[in-house]
Amino acid sequence: QFFVLCHGFLQLSQLLISGYLKSTISTIERRYGLSSQTTGLLTSFNEVGNTLLIVLISYFGSRVHRPRFIGCGAILVSLAGFLMSLPHFITGRYKYDQSIASIFSNSTDLCQLDGLGAIGNLSDESCTPRTAKENHELLLVMFVAQALRGIGGVPIQPFGISYIDDFASERNSPLYLGILFSLTVVGPGVAFMLGSAMLRFYVDIDKVPGEEIQLTNRDPRWVGAWWLGYLIAASLVAVSAVPYFFFPREMPKEVGRVEVRHFPVVLLRNLRHPVYLLVVLAQVNLSAMVAGLATFMGKFLERQFSLTASFANMIIGAVNIPGAMVGIVVGGAIMKRFQMSLRQCGALCLLGMFLCVVLAFPLLFLGCPTQKVAGVTYSGSSESEHLALECNLHCHCPEKAYNPICGSDSIEYISPCYAGCEVVNIDAVKNTVLNYTGCSCISEQGLAGSARPGSCGTGCSRLLLPFVVLSCLAGILASTSHTPSFMLILRSVQPEDKSFAVGMQFMLLRVLAWMPSPVLFGSAIDTTCILWEKKCDKNAACRYYDNDLFRHR
């Protein structure tokens, strides 16, 4: 029972690291100027280390000191967590365009009549060969950390499950394994809640005094303290690794030796089994969807409904993931209540999936249109388009400025300069921007208009509730198939192949779903970008998406 307790704690904290990455994806993109394809690849990279070793380790599980292997794996995972936070400590402060000259820079992105807006000269300082090299090094550190996390995670689940199954009484074993499986679903939920809490703090909270932070977390330029959660999660994994070095090895009860020459025979026997193969392929399709959604659902909610990263994570952690847990429990309960045969298990999976598709279909239409951004998504009438060119020509605006403001005409402008604003009104106490006036591109009754700082937003928050309810219900229905599909696999293969069949199943899921899916989702999202941030003349992070395309793809 103490081993089950320790293993539950270890699995929870290990999942905290992997789930936390997904909850901070959009923040890391913004901080380091990464495309969704790159962050998708980063998310799935831990599967590389994992896939190479999982089948062999499952196969030789009974020959090694399993608890010690689990402990070593946990230490690697913990090291990977600390490595993930390293980029924050080896880079300088986060720089963003602003209207108030401050300690960061003496530049301003207001309309400068003489064309000497210092930001114009600043815009390319981030493009020295040294900076480009630094960016590559940061990415390398993160990819290495992900690979390490994959390798460290290999022994944890298979060895833990087989160790418990070997030494628990046959009556208690399903209960203990049930506890562990439920924790694997709780873990990501806790991770998204942790992400929600950490992203409320400013990224450079350790480098900048509180009174100098001019952004609020509703500002499109805001970057939260993404690195903080890694320190917490990695510390928890390190603590949970300690007891494993003190558990006994104890010889397993299995009879007979594991022989390598049987490996190809067992492999072919399972892969030729039609039920096994079809169920695993069905799980591959479902897992590919889940892996892509888990990675980018937060970003999707942020963009569609103009939410903060923190609030989007809270929705996923408090609604969507618990919904999936309910579905898994309900699926198991239905099976137990009706003592289902294999054929009935298949029918239950089919019904769950069909209803899920029916409920998910309206999600194609539940979302917000792209906000009107002058010169990007909106040009107005031909007359105002002509004005838009004329109205800020005298300002000499830098191309790369990004400090969105919302005009009194409800149109968004990329920066105060683009709106032709010449005056910024500041709250002297808080040192924050109140509004901009004298904006030549915004007309109010024939006079130069005003604007407030921040994005205009997509303005259809009323659709958020139906979207969340439908996506949660669809998730519950899809996850009812989790337990019956597992049973189809365990009951259709030969008893002595069970452990190997599950190892093979996880390897196929990794190679065909968890590895490619976030990259494919990320690439699809990138194709819907309509304005890229540029770094060294290359696309960095996306500033604006076509919301309808983003939703449909």
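Scope of this entry: the structure provided in the associated data block. What you see is a predicted model, and the numbers here were worked out from it, not measured in a lab. (Residues numbered from 1 in each chain as written. Predicted model: local features only at pLDDT ≥ 70, side-chain atom pairs only at ≥ 80, totals over all residues. Heavy atoms only, no water.)

### Let's talk about unusual backbone geometry
With glycine set apart, most residues show a phi of negative sign, and most peptide bonds adopt trans. Unusually for a residue other than glycine, Ser-306 sits at a positive phi of about 50 degrees. The exposure class assigned to Ser-306 is partly exposed, which follows from its relative accessible area of 23%. One non-glycine residue with positive phi stands out, namely Gln-339, at about 45 degrees. With respect to the helices, strands and loops of the structure, Gln-339 is situated in the loop between α13 (309-338) and α14 (342-360). Its relative accessible area of 64% is what places Gln-339 among the exposed residues. (Buried < 20%, exposed > 50% of the residue type's maximum accessible area, 1.4 Å probe, protein only. Helix = DSSP H or I, 4+ residues; strand = E, 2+ residues; numbered from the N terminus.)

### A look at the nonpolar core
The biggest cluster of nonpolar side chains holds 82 residues, and the ones touching the most others in it are Ile-164, Trp-226, Leu-301, Phe-305 and Phe-467. The two domains that each donate at least three residues to this core are domain 1 (1-99 + 131-257) and domain 2 (265-368 + 459-552). Those residues in contact with Leu-301, other than ones at most four positions away along the chain, are Ser-306, Leu-307, Ala-312, Ile-315, Ile-316, Leu-464 and Phe-467. (Core = buried A, V, L, I, M, F, W, Y, C linked by side-chain atoms within 4.5 Å. Domains from an automatic or database assignment. Contact = heavy atoms within 4.5 Å.)

### Some words on helix α12 (residues 274-305)
With 32 residues, α12 should cover 46 Å at 1.5 Å per step; its first-to-last C-alpha distance of 44 Å lies within 8% of that length. Of all the bends in α12, the greatest measures close to 50 degrees and is centred on Phe-296. (Expected span 1.5 Å × (residues − 1). Bend = angle between axes of the 7 residues up to and from the residue.)

### Overview of the packing of aromatic side chains
All chains considered together, the criterion is met by 20 aromatic pairs. Measuring from ring centre to ring centre gives 4.5 Å for Phe-3 and Tyr-163, while their planes differ by 35 degrees; the resulting arrangement is tilted. One end of the pair, Phe-3, is in helix α1 (residues 2-23); the other, Tyr-163, is in helix α8 (residues 156-167), and 160 residues separate them in sequence. Across this residue pair, the class does not change: Phe-3 and Tyr-163 are buried. Centre to centre, the rings of Tyr-202 and Trp-222 are 5.5 Å apart; their planes meet at 55 degrees, and the pair counts as tilted. Residue Tyr-202 is located in the loop between α9 (173-198) and α10 (228-241), and its partner Trp-222 is located in the loop between α9 and α10; the two are separated by 20 residues in the primary sequence. (Phe/Tyr/Trp six-rings, centres within 6.5 Å; stacked < 30°, edge-to-face > 60°.)

### Looking at the sheet that holds strand β3 (residues 423-427)
Sheets are built from strands paired through backbone hydrogen bonds, the pairs being either parallel or antiparallel. One open sheet accounts for five strands, arranged β2-β1-β5-β4-β3; its pairing is antiparallel. The open sheet has two free edges, formed respectively by β2 (412-413) and β3, since each of these has just one partner strand. (Pairing = 2+ DSSP bridges.)

### Remarks on the state of the cysteines
Should the sulfur atoms of two cysteines be covalently bonded, the bond is a disulfide. Counted under the stated rule, the structure contains six disulfides. The disulfide bridge from Cys-397 ends at Cys-417, spanning 2.1 Å between sulfur atoms. Classification of the bridge connecting Cys-397 and Cys-417 rests on its S-S torsion, roughly -95 degrees, and on that basis the disulfide is left-handed. With Cys-397 in the loop between α15 (382-391) and β1 (405-407) and Cys-417 in the loop between β2 and β3, this residue pair connects regions lying 20 residues apart in the sequence. Accessibility expressed as a relative area gives 22% for Cys-397, which makes it partly exposed. (Disulfide = S-S within 2.5 Å.)

### What about the pairing of β3?
Sheet topology places β3 next to strand β4 (residues 432-444); five bridges connect them, and they run antiparallel. Bridge assignment links Asn-425 to a residue of β4, and that residue is Asn-435. Between β3 and β4, which pair antiparallel one after the other, the connecting turn spans four residues, and Asn-431 there sits at a positive phi close to 55 degrees.

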